[in-house]
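Here is what each chain is made of, one letter per residue.
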Amino acid sequence: MNCSLPDRVLLRYAMDGRWDRLCLQSLWDFVTAKEPLIKSPFFPVLFSFTAYMAFCLPYIALDFLSTRLPNLRKYKIQPQSYPTLGMMVPCIIQSVYHHVVLIFPVTFLHWYWRPMNLPVMAPELPEVLLEVVVCLLLFDFEYFVWHLLHHKVPWLYKTFHKVHHKHVSTFALTTQYSSVWELLSLGFFAAINPVLLGCHPLTEMIFFLVNIWLSVEDHSGYDLPWSTHRLVPFGLYGGAPHHDLHHLKFKSNYAPYFTHWDKLFGTLTESHSN
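Structure report, in brief. The shown structure was predicted, so the numbers you read here are calculated from the model rather than taken from an experiment.

1. Considering the pattern of salt bridges
Right, on to step 1. Tallied over the entire structure, the rule returns two salt bridges.
Right, on to step 2. The closest approach of N and O atoms between glutamate 35 and lysine 39, which form a salt bridge, is 2.8 Å.
Right, on to step 3. For glutamate 35, a relative accessible area of 31% corresponds to the partly exposed category.
Right, on to step 4. Judged by relative accessible area, lysine 39 falls into the partly exposed class, the value being 33%.
Right, on to step 5. The closest approach of N and O atoms between aspartate 223 and arginine 230, which form a salt bridge, is 3.0 Å.
Right, on to step 6. Judged by its relative accessible area of 47%, arginine 230 falls in the partly exposed class.

Put into structure tokens, the structure is as follows:
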């Protein structure tokens, strides 16, 4: 029988009963079939911006719909405040500018110095899940330290972080509304963690998608029944209500996702006041 290498890999996993890896192998084969695009210097910036806007769009639609449909307003964390088109457009313009003028040159240099290697075999599902969680925990810690410093040191706040606090009531497009330093430093944390862990490129892509989604959800301004903080038990994950309070009260809830660092440092606020 004349089989290509991917076909032989799939056949071997099927015979070994490794259905978890078989599923990821099919996904990885689909990705590597687009190898010229994946290895292009334009791919990282296109991937980042497309994912960001795709994750923002449902919340943008919700912002416009909930002003007309009372049943949706109960999910708005600050129902007295809704973003206008005039507030959204500058966020989109700044995001496009940052991706073209800042992120693209950085990712181009990364592409030049460290070309992407696409292995034939996909990672195992337990490996992917574990490494994505570890990357999120590392990013959560790095962001917490960075964030705490940029609030406690007045010069850092005024120079670099103040722009992100322009909106007291957040909406999805405020996620990346930030200074150049904030965008690049947090982007560096997100990019370096998979490298330090030696993650498979597929794991790296999945982590980037999860991280972008969680960041957008944090700034969405909505507490939906399927929000991540409702799926993670024991109050371990703060989510949109947690981060919305940070923008509202300013001096609490510095961690982006999980709650343990704010609990340890006594900076956790758990509920909105009237």
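Alright, that's what it looks like, and here's the rest.
2. What to know about unusual backbone geometry
Right, on to step 1. In this model, phenylalanine 250 sits at a positive phi of 80 degrees, which is unusual for a non-glycine residue.
Right, on to step 2. Mapped onto the secondary structure, phenylalanine 250 falls in the loop between helix 12 (239–249) and helix 13 (260–265).
Right, on to step 3. Backbone geometry at asparagine 253 places phi at a positive 55 degrees, although glycine is not the residue there.
Right, on to step 4. Within the secondary structure, asparagine 253 sits in the loop between helix 12 and helix 13.
Right, on to step 5. What makes asparagine 253 buried here is its relative accessible area of 0%.

3. Overview of a nonpolar patch on the surface
Right, on to step 1. A cluster of nonpolar side chains, namely Phe108, Leu109, Trp111, Tyr112 and Trp113, defines an oily patch on the protein surface of about 590 Å² accessible area.
Right, on to step 2. The topology assignment puts tryptophan 111 in helix 6 (residues 85–113).
Right, on to step 3. Using a relative accessible area of 33% as the deciding quantity, one classes tryptophan 111 as partly exposed.

Calculation criteria
Residues numbered from 1 in each chain as written. Predicted model: local features only at pLDDT ≥ 70, side-chain atom pairs only at ≥ 80, totals over all residues. Heavy atoms only, no water. Salt bridge = Lys/Arg side-chain N within 4 Å of Asp/Glu carboxyl O. Buried < 20%, exposed > 50% of the residue type's maximum accessible area, 1.4 Å probe, protein only. Helix = DSSP H or I, 4+ residues; strand = E, 2+ residues; numbered from the N terminus. Patch = residues over 30% accessible without salt bridge, like charges linked within 9 Å, V, L, I, M, F, W, Y side chains within 5 Å. Areas by Shrake-Rupley, 256 points an atom, 1.4 Å probe, with all protein chains shown as cover.

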